[in-house]
Amino acid sequence: MGFFGDLKDDVVEFVRDPTDEQKILLTAALAIAVADRFLYFNDIPFVVRTTAAVGVGFIVMFLVSYLYTGQLVPPDGNVGDDEEPEEYVDELDP
């Protein structure tokens, strides 16, 4: 289908049945936009405004993530494994 066909399918899936991660990121992006406009109308300098807006976005992202999942950090995939962790293998070392 190509790039645009895949992009269209992704957008349709996002609109019809978004995942929890997509909902969280959309909420954070909206919080950034709202914070940026609020600071813009209060004549805050550009660098301070954008930095503060991104900070608000991160705070909202963590808050909404906590509300969705009930924990701040997602669980590690191998928490229940009692086996030794796999040794690091350098793929570029022959």
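Since the structure is predicted, the reported quantities are computational estimates derived from the model, not experimental observations.

Caption draft 1: The side chain of S65, seen in detail. Structurally, S65 is set in helix α3 (residues 46–69). What S65 contacts, discounting residues up to four positions off in sequence, is I24, G70, Q71 and L72.

Caption draft 2: Representation of the UniProt feature "transmembrane region" (unreviewed entry) in the chain in the model. Feature annotation in UniProt assigns "transmembrane region" (unreviewed entry) to the following positions: residues 24–40 and 47–68. A helix fraction of 100% and a strand fraction of 0% characterise residues 24–40, whose end C-alpha atoms lie 24 Å from each other. Across residues 47–68, the secondary structure splits into 100% helix and 0% strand, with the terminal C-alpha atoms separated by 32 Å.

Caption draft 3: Spotlight on the packing of helix α2 (residues 20–41) against α3. Where α2 contacts α3, the axes come no closer than 8 Å and their chain directions differ by 145°. Both α2 and α3 take part in a crossing whose hand is right-handed. Note on element contacts: α3 touches α2 through R49, T50, A52, A53, V54, V56, G57, V60, M61, V64, S65 and Y68, opposite D20, K23, I24, L25, T27, A28, A31, I32, A35, D36, L39 and Y40. Among the residues forming the contact of α2 with α3, the class breakdown is 16 nonpolar, 4 polar and 4 charged.

Caption draft 4: Looking closely at a nonpolar patch on the surface. On the surface, I32, V54, F58, F62, L63, Y66, L67 and L72 cluster together into a nonpolar patch covering about 790 Å² of accessible area. Among the elements that line the nonpolar patch, the one with the most residues is α3, at 6 residues. Among the structural elements, F58 can be located in helix α3.

Caption draft 5: Molecular detail of the packing of aromatic side chains. The tally for this structure, following the rule as stated, stands at 2 aromatic pairs. Arranged with centres 5.3 Å apart and planes meeting at 75°, the rings of F3 and F4 form a pair that is edge-to-face. With respect to burial, F3 and F4 carry one shared label: exposed. Ring centres of Y40 and F41 lie 5.4 Å apart, and the angle between their planes is 65°; on these two criteria the pair is classed as edge-to-face. We classify Y40 as partly exposed; its relative accessible area is 40%. Residue class for F41 comes out exposed when judged on its relative accessible area of 63%. Across from the ring centre of Y40, 4.6 Å away, lies the NZ or CZ of R37, which sits over that ring.

Procedures and definitions
Residues numbered from 1 in each chain as written. Predicted model: local features only at pLDDT ≥ 70, side-chain atom pairs only at ≥ 80, totals over all residues. Heavy atoms only, no water. Helix = DSSP H or I, 4+ residues; strand = E, 2+ residues; numbered from the N terminus. Contact = heavy atoms within 4.5 Å. UniProt positions renumbered as here; feature names shortened; annotations may be inferred. Axes fitted to C-alpha atoms, helices over the stretch in contact; angles between N-to-C directions. Left-handed = near helix turned anticlockwise from the far one by under 90°. Nonpolar A, V, L, I, M, F, W, Y, C, P; charged D, E, K, R; others polar. Patch = residues over 30% accessible without salt bridge, like charges linked within 9 Å, V, L, I, M, F, W, Y side chains within 5 Å. Areas by Shrake-Rupley, 256 points an atom, 1.4 Å probe, with all protein chains shown as cover. Salt bridge = Lys/Arg side-chain N within 4 Å of Asp/Glu carboxyl O. Phe/Tyr/Trp six-rings, centres within 6.5 Å; stacked < 30°, edge-to-face > 60°. Buried < 20%, exposed > 50% of the residue type's maximum accessible area, 1.4 Å probe, protein only. Lys NZ or Arg CZ within 6 Å of the ring centre and 35° of its normal.

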